[in-house]
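Fold and contact review
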2 protein chains.
Amino acid sequence: MRLSRYFLPTLKDTPSEAKIASHRLMLRAGMIRQSSSGVYSWLPLGLRVLKKIENIVREEQNAVGCHEVLMPTIQPADLWQKSGRYDDYGPEMLRIVDRHKRDMLYGPTNEEQITEIFASSVHSYRELPQILYHIQWKFRDEVRPRFGVMRGREFLMKDAYSFDIDKESARRSYNKMFVSYLKTYERLGLKAIPMAADTGPIGGDMSHEFLILTETGESEIACHSDFIEMSLANEDIDFKGNLKPIVDRFTSKYAATDEMRDPEAEKALGDNLVTARGIEVGHIFNFGTKYSKPMGASVAGPDGKDIDVEMGSYGIGVSRLVGGIIESSHDENGIIWPDSISPFEVGVINLKVDDADCDKACDDIYKTLLEQGKDVIYDDRDDRAGAKFADADLIGVPWQIILGPRGLKNGVVELKNRKSGEREELSLESALSKTSE
Amino acid sequence: MRLSRYFLPTLKDTPSEAKIASHRLMLRAGMIRQSSSGVYSWLPLGLRVLKKIENIVREEQNAVGCHEVLMPTIQPADLWQKSGRYDDYGPEMLRIVDRHKRDMLYGPTNEEQITEIFASSVHSYRELPQILYHIQWKFRDEVRPRFGVMRGREFLMKDAYSFDIDKESARRSYNKMFVSYLKTYERLGLKAIPMAADTGPIGGDMSHEFLILTETGESEIACHSDFIEMSLANEDIDFKGNLKPIVDRFTSKYAATDEMRDPEAEKALGDNLVTARGIEVGHIFNFGTKYSKPMGASVAGPDGKDIDVEMGSYGIGVSRLVGGIIESSHDENGIIWPDSISPFEVGVINLKVDDADCDKACDDIYKTLLEQGKDVIYDDRDDRAGAKFADADLIGVPWQIILGPRGLKNGVVELKNRKSGEREELSLESALSKTSE
């Protein structure tokens, strides 16, 4: 992508309304623009990252046999009256009256809608287990939206729903999603810690939140220090096999969010206690027949008798993850992206635009990188070197190949690594091979 | 995909509420489910097709240098008060009051939102021309939603917006999008005819609709018979060059929608007149400074003076296209997909599930096709052959490899072509090579 033709409205000044680093950086890097309180437009750079995260989440859902659907954003109120949640949900639900005076709402979650689809589609135990998911915009009318996309009102969520014939099978679905979530976060370059959680308005008897540790998280969490090093470590996981040992490994040690903390247990941990701030990036629930029973989601069992299906739901905040990742990975100059979601893999910075030799040399490097199939951002703008360096660091270009008249004369380019900050002069060939490591 | 584990709730009976073929077929094929009047959930089969169309539309937008953004579904009313459209838009606009009593709306289109983003981001003529687009759900509260996804309330639209420094450059952007649209429709396997159009509530002085000809379109259109054969015919188009000759070729002959028809001109056409029903699948507008002026979208020109930018907007109804394509390509047994958007490329039908030899042979064919990188649907359900044949034709599996004990004994498979209806017995190798043609 040539920056001169791209749409990257970076800001020099720090927007005063942004209280935390990720919000400031997303605004400054031209990733998002506020539309109204807690509602954002995603500009090209932000959308690139959002899509990369969305695709990783989708791939991991598909990998464990979930099927993708897409439910609408606007739901009829009568669905929620059936489950009993219409009155319970409170002012966070965006309620709407259409032109025919029918009560509608902007879905804050989709248990009712998916249960209705399931109930009208599946009639035999032989069609179970089944896990359906979608990645769709939701709206929760937060009383005080803040922290940019981290606590917005309109947000993108992946929510999956499992349907099983009995509690044992439901537990297997729960475990499958639990481990799949660990894998998803690891691919996103995140250390996410599962913590037993309140079930809140979703209901149910078993629930975990996944939190990442950051400087400015909304929740003060505590956990055993072993969690810091714990990982799936590229284990080859058989998702059709027994996943309980992995779940046990990740749940047997103490880890608790704000409202679940236990002073006794923490005292017992001694030096092994870690406290930190955390951001919730996922939440999973097993809630049995809470929705299947009132909404008639039953199937014929082996003996022909109707059985209410056992359900669970599994959410990942896709748009919130963009903020969460930046919150956990940035420095004073800008964003440091995990490789898997970096909007660009490599940048080319032309230090003297309109100098025929520099233009040609940089154009050639750009073409070479494109031919290698790289996501390249090419700063061919007529601007000061300092402004170009600042923008490259701000938006987090992982490798930056920098070339001006002096380097051209000496037959070298400068290569900067965003993460380490290291800069070195080397031949173009060496630079290209480093960026491919 | 193994059908036994897929989520494909096909219906045997024709739903009585569906008045046209595409609506009936989408419900019967388990592609969509109604949530409320004019609002649908997309089930896995439908979503596959929707995504394939969305991706083709996206690729063609990117190919001509448009940049993708994503604006929210919920917009603040004050944006629309600035442009003057808030009062004009009428009851089709879904109006919402949030918990703080602020007036909001579900975006029916995005001229205001994108103009605001542009105005706060671009300040110099040197950053023009620019075309931004997004693919996002819209809501129009139709008084009588009908025809399934063809005239729904919540629908997926690609809308692009061009920004130029003067009328001449704006005309070039318009031409670029015009030709890009022709290319997009051809990739989708559609014959779309551009017709001069009313500008309606969008405004402006130049506008074209793109219509496809079908049995049951909403508009009775008339055009010169030459349009039936006219195509870009894989021309290698230089989108940076002069596109006026192509636009002229596609606009110089008579073609008119319902409200634009001219009896005199039609009489003059004599035998060259074609009348048919048509479905609108795209609409493009050039509307000058209608939004840039009230919303302050101006840039500094070469002499430093502020200039209101010239704008255009360009819509393609992505979800509507699913219905439109089925409307123009089906038979009494089901859907016939254009190759580019078929949800599956090939199917395997096991005629005797639980027969060890049949299972093994079909499993092997399935694996071979997967290894070839094909999108395969494998009917491994324990069901009657007739039901399987009916489902394969209903959902439009283009090539169907059919195998049972008799074929297995004779060393042949049956290969059915969905479009021609031809069935032939041949060796597995020949069948596989035919499906790759």
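Residues numbered from 1 in each chain as written. Chains lettered and ligands numbered in written order. Predicted model: local features only at pLDDT ≥ 70, side-chain atom pairs only at ≥ 80, totals over all residues. Heavy atoms only, no water.

Glancing now at the pattern of salt bridges. Residue and element names in this part refer to chain A. For the coordinates displayed, the defined rule picks out 70 salt bridges over all chains. Where E60 meets R187, a salt bridge forms, and the shortest distance between an N and an O atom there is 2.9 Å. One end of the pair, E60, is in helix α2 (residues 44–63); the other, R187, is in helix α6 (residues 167–187), and 127 residues separate them in sequence. Exposure remark for E60: the relative accessible area of 5% places this residue in the buried category. On the basis of relative accessibility, which here comes to 33%, the residue R187 falls in the partly exposed class. Notably, a salt bridge pairs R406 with E425, separated by 3.0 Å at the nearest N-O pair. Of this pair, R406 sits in helix α12 (residues 405–410) while E425 sits in strand β23 (residues 423–426); the two residues are 19 residues apart in sequence, bridging distant segments of the chain. Exposure remark for E425: the relative accessible area of 46% places this residue in the partly exposed category. (Salt bridge = Lys/Arg side-chain N within 4 Å of Asp/Glu carboxyl O. Helix = DSSP H or I, 4+ residues; strand = E, 2+ residues; numbered from the N terminus. Buried < 20%, exposed > 50% of the residue type's maximum accessible area, 1.4 Å probe, protein only.)

Below, the discussion takes up the interface of chain A and chain B. At the junction of the two partners, chain A supplies 57 residues and chain B supplies 57 residues. For the pair chain A and chain B, the interface holds two salt bridges. Ionic pairing is found between R153 of chain B and D98 of chain A, a salt bridge with its closest N-O pair at 2.8 Å. Inspection of the chain A/chain B interface yields 22 residue pairs in polar contact (both at pLDDT 80 or more). When its residues are assigned to classes, the side of chain A that touches chain B shows 28 nonpolar, 12 polar and 17 charged. (Contact = heavy atoms within 4.5 Å. Polar contact = N/O pair within 3.5 Å; in protein donor to acceptor, adjacent residues only side chain to side chain. Nonpolar A, V, L, I, M, F, W, Y, C, P; charged D, E, K, R; others polar.)

This paragraph deals with the sheet that holds strand β22 (residues 413–417) of chain B. Residues and elements named next belong to chain B. An order of β20-β19-β21-β22-β23 is seen for the five strands of this open sheet, with the pairing classed as mixed. The sheet is open, and its two edges are formed by β20 (376–379) and β23 (423–426), each paired on a single side. Between one strand axis and the next, the sheet turns by 20° as a mean value, whatever way the strands run. For strand β19 (residues 346–350) and β20, the ladder comprises four bridges, and the chain directions are parallel. (Pairing = 2+ DSSP bridges. Axes fitted to C-alpha atoms, helices over the stretch in contact; angles between N-to-C directions.)

This part is about helix α13 (residues 428–435) of chain A. All names here are of chain A. For α13, the complete set of buried residues consists of A431, L432 and T435. The buried residues of α13 occupy one face: seen down the axis, they fall within an arc of 95°. Packing partners of the buried residues in α13 comprise β19 (346–350), α10 (356–371), β21 (399–403), β22 (413–417) and β23. (Arc of directions from axis to C-beta.)

This brings us to the sheet that holds strand β20 (residues 376–379) of chain A. Residues and elements named next belong to chain A. Spatial ordering of the open sheet is given by β20-β19-β21-β22-β23, a layout of five strands whose pairing is mixed. In this open sheet, the two edge strands, each paired with only one partner strand, are β20 and β23. Each strand of the sheet is rotated relative to its neighbour by a mean of 20°, with strand direction disregarded. Pairing between β21 and β22: four bridges, direction antiparallel.

Let us now look at the pairing of strand β2 (residues 39–42) of chain B. Residue and element names in this part refer to chain B. Neither face of β2 is open: one carries V39 and S41, the other Y40 and W42, and all of them are buried. Pairing between strand β1 (residues 32–36) and β2: four bridges, direction antiparallel. Each residue of the ladder has a partner; that of R33, found in β2, is S41.

All names here are of chain A. Taken as a whole, chain A is organised into domain 1 (3–335) and domain 2 (344–435). On the domain 2 side, the residues contacting the 15 residues of domain 1 number 13 residues. Summed over the three residues of domain 1 that lose the most area to domain 2, namely L3, R48 and I335, the buried surface amounts to 38% of that side. At the boundary of domain 1 and domain 2, one finds three salt bridges. Measuring nitrogen to oxygen at the nearest pair gives 2.8 Å for the salt bridge that ties D331 to R418. (Domains from an automatic or database assignment. Buried area = accessible area lost by both parts, 1.4 Å probe.)

Moving on to the side chain of E54 of chain B. Within the secondary structure, E54 of chain B sits in helix α2 (residues 44–63). Ignoring anything within four residues of it in the chain, the contact list for E54 of chain B reads K51 of chain A together with I135, L156 and V318 of chain B.

You can overlay chain A on chain B at an RMSD of 0.0 Å; the transform is a turn of 180° with a shift of 0.0 Å along its axis. Both chain copies can therefore be described as sitting about a two-fold axis. Within chain A, I96 of chain A has its C-alpha nearest the rotation axis, a separation of 2.9 Å. Of all interface residues in chain A, 98% are interface residues in chain B too; the two copies therefore contact each other through one and the same surface. (Least-squares fit on C-alpha atoms with pLDDT ≥ 70 in both.)

On to helix α6 (residues 167–187) of chain B. The terminal C-alpha atoms of α6 of chain B lie 30 Å apart, and with 21 residues this matches the ideal 30 Å at 1.5 Å per residue to within 8%. Positive phi shows up at G189 of chain B, right after α6 of chain B, with a value of about 75°. (Expected span 1.5 Å × (residues − 1).)

We now examine unusual backbone geometry. Cis peptide bonds are those with omega within 30 degrees of zero, and the linkage from L128 of chain A to P129 of chain A qualifies with -5°. Mapping P129 of chain A onto the fold places it in the loop between α5 (111–119) and β7 (130–139). The backbone of K101 of chain B shows a phi angle near 65°, a positive value even though the residue is not glycine. Considering the arrangement of structural elements, one finds K101 of chain B in the loop between β5 (94–97) and β6 (103–106). What makes K101 of chain B exposed here is its relative accessible area of 68%. Non-glycine residue F147 of chain B carries a positive phi angle of around 60°. Within the element layout of this structure, F147 of chain B appears in the loop between β7 (130–139) and β8 (154–164).

This brings us to the pairing of strand β21 (residues 399–403) of chain B. All names here are of chain B. Counting buried positions along β21 yields five of five residues, so the element is predominantly enclosed. Where β19 meets β21, five bridges bridge the pair, whose relative direction is parallel. Counted as the bridge partner of N350 is L403 from β21.

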